[in-house]
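# Remarks on the overall topology
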Amino acid sequence: MPVEFKVLNAKKRILNGFKYFCGEHAQWLPEYQKVADWLEDTKGRGLFLIGSNGRGKSVIATKILPWFFKEQGFGYEIFLASEINQHKSEVMYPKILCIDDIGVEDTANDYGEKINVFAKVMDEVERKKKMIIITSNLTQIQLEKKYSTRTIDRINGCCKVVAFNGESLRGKFNI
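Description of the structure in this document. Quick caveat, the model's predicted, so the values are computed rather than measured.

## Thoughts on the packing of helix H1 (residues 10-22) against helix H3 (residues 57-71)
A pair of packed helices is characterised by two quantities: the angle between their axes and the separation of those axes. Where H1 meets H3, the closest approach of the two axes is 10 Å, and the angle between their N-to-C directions is 125°. By the criterion of interaxial angle, the relationship of H1 to H3 is oblique. The element H1 and its partner H3 pack so that their crossing is right-handed. Across the interface between the two elements, Arg13, Ile14, Gly17, Phe18, Tyr20, Phe21 and Cys22 from H1 touch Val59, Ile60, Lys63, Ile64, Trp67, Phe68 and Glu71 from H3. Taken together, the residues that form the contact of H1 with H3 break down as 10 nonpolar, one polar and three charged.

## Quick notes on the environment of lysine 11
One can find lysine 11 in helix H1. Remark: the alpha-carbon pair of lysine 11 and arginine 150, spanning 139 residues in sequence, is separated by 33 Å.

## Things to note about the state of the cysteines
Throughout the structure, instances matching the rule amount to zero disulfides. Its sulfur unpaired, cysteine 98 is 11 Å from the next cysteine sulfur, which belongs to cysteine 159. Here cysteine 98 falls in the buried class, since its relative accessible area comes to 0%. The closest cysteine sulfur to the non-disulfide-bonded cysteine 159 is located on cysteine 158, 6.0 Å from its own sulfur. Given the relative accessible area of 1%, cysteine 159 is considered buried.

## Quick look at the packing of aromatic side chains
To describe a pair of aromatic rings, you give the distance between the ring centres and the angle between the ring planes. With the rule as written, the count across this model stands at 11 aromatic pairs. Plain terms: the ring middles of phenylalanine 18 and tyrosine 32 are 4.4 Å apart, the flat faces sit at 15° to each other, and that makes the pair stacked. Taken as a pair, phenylalanine 18 in helix H1 and tyrosine 32 in helix H2 (residues 30-40) lie far apart in primary sequence, 14 residues in all. Each member of the pair, phenylalanine 18 as well as tyrosine 32, is classed as buried. On the basis of an interplanar angle of 35° and a centroid distance of 5.5 Å, the ring pair of phenylalanine 21 and tryptophan 67 is categorised as tilted.

Criteria and thresholds
Once a new chain begins, its residue numbering starts again from 1 and follows that chain's sequence as written. It should be noted that, the model being predicted, local features are given only for residues of pLDDT at least 70 and side-chain atom pairs only at 80 or more, the latter also being counted only at that level, while totals for whole chains, interfaces and linings use all residues. Values reported for side chains reflect all heavy atoms of the structure, with hydrogen atoms and water molecules removed beforehand. Axes, fitted as lines to C-alpha atoms, cover a helix only where it is in contact. Angles between the N-to-C directions of the axes lie from 0 to 180 degrees. Secondary structure counts use DSSP, requiring at least four H or I residues in a row for a helix and at least two E residues in a row for a strand, with both numbered from the N terminus. Angle categories: roughly parallel below 35 degrees, roughly antiparallel above 145, roughly perpendicular from 65 to 115, and oblique for all the rest. Crossing handedness is defined as follows: a turn of the near helix away from the far one that is anticlockwise and smaller than a right angle gives a left-handed crossing, while the clockwise case is right-handed. Throughout, a residue-residue contact means that at least one pair of heavy atoms, one from each residue, lies within 4.5 Å. All residues other than Ala, Val, Leu, Ile, Met, Phe, Trp, Tyr, Cys, Pro, Asp, Glu, Lys and Arg, Gly among them, are scored as polar; the first ten of these are nonpolar and the last four charged. Disulfides are defined in this document as cysteine sulfur pairs within 2.5 Å. Exposed residues in this analysis have more than 50% of their type's maximum accessible area, buried residues have under 20%, and partly exposed residues fall in between, with area computed by a 1.4 Å probe over protein chains only. Here the aromatic set is Phe, Tyr and Trp, taking the six-membered ring for Trp, and pairing holds for ring centres within 6.5 Å; pairs whose planes are under 30 degrees apart are stacked, those over 60 apart are edge-to-face, and all others are tilted.

Okay, structure coming up:
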């Protein structure tokens with residue numbers, strides 16, 4: 001059964017999260033509204049935050065969203081993409097999973113066989129109706145070259161995709 005929940009006042013609560021983690025001068029960006037809309041009714045889908053560096057994708061995925069999942073009574077495991085090869089069995093376990101910065105990890109070596117752990121994770125997410133939160137600074141075209149059309153199709157089917165575009169805010173608001 002897919003993970004579904006609804007968060008009231010998502011916009012206000014996300015902004016409060018940014019102010020808490022990034023300072024009182026944190027600003028609301030248009031892409032944050034799409035995340036708020038998703039939080040107000042996830043419809044059992046995950047979230048894929050993709051685009052420009054320094055726009056708050058990782059802050060949302062690794063700092064703000066955990067509050068909401070905990071409040072709803074769900075466990076939430078966060079992995080850096082660069083570390084999923086070392087944790088491939090643990091990555092398959094949680095019902096709600098976050099992988100931050102996909103596209104930077106190498107292909108894993110499993111007893112001499114080269115495997116793409118993230119592609120296997122997406123297979124598992126779709127098959128078992130898990131919820132996944134993903135971030136990436138790469139484009140969908142770059143990700144398709146790395147993972148395959150099949151994996152990107154799974155991401156698009158399992159997740160609401162939110163594009164983050166514009167100049168980096170890193171350093172302006174401690175993002």
